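Take a look at the letters that make up each chain.
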Amino acid sequence: MAEIVNLNQFRKQKSRDAKRQEADENATKFGRTKTQKTLEKSKQDKAKRDLDGHERE
């Protein structure tokens, strides 16, 4: 005989798994560490300063 399954629990678990998978995908797509963010910001600031330094008056 088959095992009895609570359909509400099954539906909720399936929803949780889908959300967890989507969160993992977003973390790999958009996630960066704080050091990566600060490094990128410092590079952008330096590039802006260099560009402003070459500006003609």
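Residues numbered from 1 in each chain as written. Predicted model: local features only at pLDDT ≥ 70, side-chain atom pairs only at ≥ 80, totals over all residues. Heavy atoms only, no water.

### So, the overall build of the chain
So, point 1. The number of helices and strands found in the chain is two helices and zero strands.
So, point 2. Relative to the globule expectation of 10 Å for 57 residues, the C-alpha radius of gyration of the chain, 24 Å, shows a markedly less compact shape.
So, point 3. Dimensions of the chain, computed from C-alpha atoms along their principal axes, come out at roughly 85 × 20 × 10 Å.
So, point 4. For the chain, with 57 residues in total, the buried portion stands at 0%.
So, point 5. Entry remark: accessible area of the chain is about 6,200 Å², with carbon and sulfur atoms responsible for 53%.
So, point 6. Taking the 16 positively charged and 11 negatively charged side chains of the chain as two groups, their mean positions are separated by 5 Å. (Helix = DSSP H or I, 4+ residues; strand = E, 2+ residues; numbered from the N terminus. Rg over C-alpha atoms; globule rule 2.2 N^0.38 Å. Buried < 20%, exposed > 50% of the residue type's maximum accessible area, 1.4 Å probe, protein only. Areas by Shrake-Rupley, 256 points an atom, 1.4 Å probe, with all protein chains shown as cover. Lys, Arg positive; Asp, Glu negative; His and termini not counted. Charge placed at Lys NZ, Arg CZ, Asp CG, Glu CD.)

### Remarks on the pattern of salt bridges
So, point 1. For the coordinates displayed, the defined rule picks out four salt bridges.
So, point 2. Residue Arg 20 is joined to Asp 17 by a salt bridge in which the shortest nitrogen-to-oxygen separation is 3.4 Å. Of this pair, Arg 20 and Asp 17 both sit in helix α1 (residues 7-30), three residues apart, which is roughly one turn of that helix.
So, point 3. By relative accessible area, Arg 20 is classed as partly exposed at 49%.
So, point 4. What makes Asp 17 partly exposed here is its relative accessible area of 37%. (Salt bridge = Lys/Arg side-chain N within 4 Å of Asp/Glu carboxyl O.)

### Structural notes on a nonpolar patch on the surface
So, point 1. A cluster of nonpolar side chains, namely Val 5, Leu 7 and Phe 10, defines an oily patch on the protein surface of about 340 Å² accessible area.
So, point 2. Position of Phe 10 relative to the elements: it lies in helix α1. (Patch = residues over 30% accessible without salt bridge, like charges linked within 9 Å, V, L, I, M, F, W, Y side chains within 5 Å.)

### Observations regarding the environment of Lys 46
So, point 1. Counting through the fold element by element, Lys 46 comes out in helix α2 (residues 34-53).
So, point 2. Taking relative accessible area as the criterion, Lys 46 reaches 43% and is therefore assigned partly exposed.
So, point 3. Separated by 19 residues in the primary sequence, Lys 46 and Ala 27 have C-alpha atoms spaced 28 Å apart.

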